[in-house]
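# An overview of the molecular structure
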Amino acid sequence: MTLDHLRLRVPLALAGWGAVAATALPGGSPLRWVPVVLFVCFGPGLALLLPQRGTLRPAARIEAVALAAPLSLSLAVTVSTALFLVRGFSATAFLVTLAALTTVAAALPGLPLPAATRGAVGGGGR
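My aim in this report is to walk through the structure given alongside it, one point at a time. This one's a predicted model, so the numbers in the text were calculated from it and none came from an experiment.

Analysis parameters
- Residues numbered from 1 in each chain as written.
- Predicted model: local features only at pLDDT ≥ 70, side-chain atom pairs only at ≥ 80, totals over all residues.
- Heavy atoms only, no water.
- Helix = DSSP H or I, 4+ residues; strand = E, 2+ residues; numbered from the N terminus.
- Polar contact = N/O pair within 3.5 Å; in protein donor to acceptor, adjacent residues only side chain to side chain.
- Contact = heavy atoms within 4.5 Å.
- Phe/Tyr/Trp six-rings, centres within 6.5 Å; stacked < 30°, edge-to-face > 60°.
- Buried < 20%, exposed > 50% of the residue type's maximum accessible area, 1.4 Å probe, protein only.
- Axes fitted to C-alpha atoms, helices over the stretch in contact; angles between N-to-C directions.
- Parallel < 35°, antiparallel > 145°, perpendicular 65-115°, else oblique.
- Left-handed = near helix turned anticlockwise from the far one by under 90°.
- Nonpolar A, V, L, I, M, F, W, Y, C, P; charged D, E, K, R; others polar.

## Regarding unusual backbone geometry
Even without glycine at this site, Arg87 takes up a positive phi of about 55 degrees. By the element assignment, Arg87 lies in the loop between helix 3 (58-85) and helix 4 (91-107).

## Comments concerning the side chain of Thr102
Note that Thr102 resides in helix 4. Within polar-contact distance, the side chain of Thr102 engages the backbone oxygen of Leu98 at 2.8 Å. Look past the residues within four positions of Thr102 in its chain and what remains in contact with it is Leu12, Phe39, Gly43, Pro44 and Ala47.

## Thoughts on the environment of Glu63
Note that Glu63 resides in helix 3. In sequence terms Glu63 and Leu50 are 13 residues apart; their C-alpha atoms lie 10.0 Å from each other.

## Observations regarding the packing of aromatic side chains
Within the structure shown, the criterion is met by two aromatic pairs. On the basis of an interplanar angle of 10 degrees and a centroid distance of 4.4 Å, the ring pair of Phe84 and Phe89 is categorised as stacked. Owing to a relative accessible area of 54%, Phe84 belongs among the exposed residues under this scheme. Relative to Phe94, the ring of Phe89 has its centre 6.0 Å away and its plane inclined at 45 degrees; by these criteria the two rings are tilted. Phe89 gets classed as partly exposed once you look at its relative accessible area, which sits at 35%. Through a chain of ring-to-ring contacts, the aromatic side chains of Phe84, Phe89 and Phe94 assemble into a single cluster.

## Thoughts on the packing of helix 2 (residues 30-49) against helix 4
Running from N to C, helix 2 and helix 4 cross one another at 30 degrees; their axes reach a closest spacing of 8 Å. If you check the angle between helix 2 and helix 4, you find them roughly parallel. Here the hand of the crossing between helix 2 and helix 4 comes out left-handed. Where helix 2 approaches helix 4, its residues Val36, Phe39, Val40, Gly43, Pro44, Ala47 and Leu48 are matched on the opposing element by Phe94, Leu95, Leu98, Ala99, Thr102, Ala105 and Ala106. Split into classes, the residues belonging to the contact of helix 2 with helix 4 amount to 12 nonpolar, two polar and no charged.

Following this line, the structure appears as C-alpha coordinates:
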(Lines give C-alpha, C1' and ligand atoms only; values in the text may rest on other atoms or scores of the structure.)
Protein backbone atom coordinates (compact mmCIF):
# COMPACT_ATOMS: atom_id res chain seq x y z
CA MET A 1 0.00 0.00 0.00
CA THR A 2 1.45 3.34 -1.02
CA LEU A 3 1.54 6.54 0.95
CA ASP A 4 -0.92 8.13 -1.51
CA HIS A 5 -3.48 5.42 -0.78
CA LEU A 6 -3.07 5.97 2.96
CA ARG A 7 -3.59 9.72 2.52
CA LEU A 8 -6.98 8.94 1.02
CA ARG A 9 -8.03 5.95 3.11
CA VAL A 10 -7.28 7.31 6.58
CA PRO A 11 -9.41 10.49 6.24
CA LEU A 12 -12.25 8.44 4.76
CA ALA A 13 -12.09 6.01 7.67
CA LEU A 14 -11.98 8.83 10.22
CA ALA A 15 -14.77 10.89 8.62
CA GLY A 16 -17.50 8.69 10.03
CA TRP A 17 -16.08 8.73 13.53
CA GLY A 18 -15.84 12.54 13.26
CA ALA A 19 -19.54 12.63 12.37
CA VAL A 20 -20.31 10.44 15.39
CA ALA A 21 -18.28 12.79 17.60
CA ALA A 22 -20.09 15.82 16.14
CA THR A 23 -23.39 14.52 17.53
CA ALA A 24 -22.16 15.50 21.00
CA LEU A 25 -22.44 19.18 20.04
CA PRO A 26 -25.63 21.24 20.70
CA GLY A 27 -28.65 20.22 18.61
CA GLY A 28 -29.12 23.08 16.14
CA SER A 29 -25.46 23.87 15.64
CA PRO A 30 -24.16 23.71 12.05
CA LEU A 31 -20.99 22.21 13.53
CA ARG A 32 -23.17 19.23 14.39
CA TRP A 33 -25.29 18.65 11.32
CA VAL A 34 -22.91 19.68 8.50
CA PRO A 35 -20.32 16.92 9.14
CA VAL A 36 -23.09 14.36 9.62
CA VAL A 37 -24.87 15.27 6.37
CA LEU A 38 -21.61 15.37 4.38
CA PHE A 39 -20.52 12.02 5.78
CA VAL A 40 -23.86 10.29 5.18
CA CYS A 41 -24.10 11.68 1.64
CA PHE A 42 -20.52 11.01 0.49
CA GLY A 43 -18.39 9.07 3.01
CA PRO A 44 -19.40 5.44 2.47
CA GLY A 45 -19.57 5.82 -1.31
CA LEU A 46 -16.15 7.43 -1.54
CA ALA A 47 -14.69 4.74 0.71
CA LEU A 48 -16.10 2.05 -1.57
CA LEU A 49 -15.02 3.69 -4.83
CA LEU A 50 -11.85 5.75 -4.42
CA PRO A 51 -9.08 3.51 -3.09
CA GLN A 52 -8.18 2.34 -6.61
CA ARG A 53 -4.94 0.81 -7.84
CA GLY A 54 -2.97 3.19 -9.99
CA THR A 55 -3.60 6.86 -10.53
CA LEU A 56 -7.10 7.68 -11.68
CA ARG A 57 -7.42 9.90 -14.71
CA PRO A 58 -10.06 12.67 -14.72
CA ALA A 59 -12.80 10.49 -16.27
CA ALA A 60 -12.54 7.90 -13.52
CA ARG A 61 -12.33 10.56 -10.79
CA ILE A 62 -15.47 12.26 -12.10
CA GLU A 63 -17.21 8.90 -12.25
CA ALA A 64 -16.23 8.09 -8.65
CA VAL A 65 -17.52 11.43 -7.34
CA ALA A 66 -20.73 11.13 -9.38
CA LEU A 67 -21.42 7.63 -8.03
CA ALA A 68 -20.40 8.36 -4.43
CA ALA A 69 -23.59 10.14 -3.37
CA PRO A 70 -26.11 7.59 -4.72
CA LEU A 71 -24.01 4.72 -3.37
CA SER A 72 -23.70 6.39 0.05
CA LEU A 73 -27.41 7.16 0.24
CA SER A 74 -28.30 3.62 -0.83
CA LEU A 75 -26.11 2.22 1.93
CA ALA A 76 -27.64 4.68 4.41
CA VAL A 77 -31.17 3.57 3.47
CA THR A 78 -30.18 -0.08 3.80
CA VAL A 79 -28.60 0.46 7.24
CA SER A 80 -31.52 2.54 8.54
CA THR A 81 -34.07 0.01 7.24
CA ALA A 82 -32.19 -2.86 8.89
CA LEU A 83 -32.03 -0.94 12.17
CA PHE A 84 -35.76 -0.19 12.00
CA LEU A 85 -36.54 -3.85 11.32
CA VAL A 86 -34.64 -4.97 14.41
CA ARG A 87 -36.19 -2.06 16.38
CA GLY A 88 -32.77 -0.64 17.14
CA PHE A 89 -32.79 2.59 15.15
CA SER A 90 -31.29 5.69 16.71
CA ALA A 91 -29.14 8.41 15.21
CA THR A 92 -26.14 7.12 17.13
CA ALA A 93 -26.66 3.48 16.09
CA PHE A 94 -27.13 4.59 12.48
CA LEU A 95 -23.95 6.70 12.41
CA VAL A 96 -21.84 4.13 14.27
CA THR A 97 -22.91 1.41 11.83
CA LEU A 98 -22.16 3.60 8.81
CA ALA A 99 -18.82 4.68 10.32
CA ALA A 100 -17.84 1.06 10.92
CA LEU A 101 -18.81 0.04 7.38
CA THR A 102 -16.88 3.02 5.97
CA THR A 103 -13.80 2.12 8.01
CA VAL A 104 -13.88 -1.44 6.69
CA ALA A 105 -14.50 -0.25 3.11
CA ALA A 106 -11.59 2.20 3.31
CA ALA A 107 -9.28 -0.67 4.24
CA LEU A 108 -10.31 -2.73 1.20
CA PRO A 109 -9.52 -2.08 -2.47
CA GLY A 110 -12.07 0.13 -4.18
CA LEU A 111 -14.82 -1.24 -6.41
CA PRO A 112 -13.78 -1.28 -10.06
CA LEU A 113 -15.08 1.70 -11.98
CA PRO A 114 -16.28 1.29 -15.58
CA ALA A 115 -14.21 4.31 -16.69
CA ALA A 116 -11.17 2.75 -15.04
CA THR A 117 -11.68 -0.51 -16.91
CA ARG A 118 -11.88 1.41 -20.20
CA GLY A 119 -8.37 2.79 -19.81
CA ALA A 120 -8.99 5.80 -17.59
CA VAL A 121 -6.44 4.55 -15.07
CA GLY A 122 -2.99 5.92 -15.85
CA GLY A 123 -0.27 3.43 -16.55
CA GLY A 124 3.24 3.87 -15.23
CA GLY A 125 5.04 3.43 -18.53
CA ARG A 126 3.08 5.69 -20.91
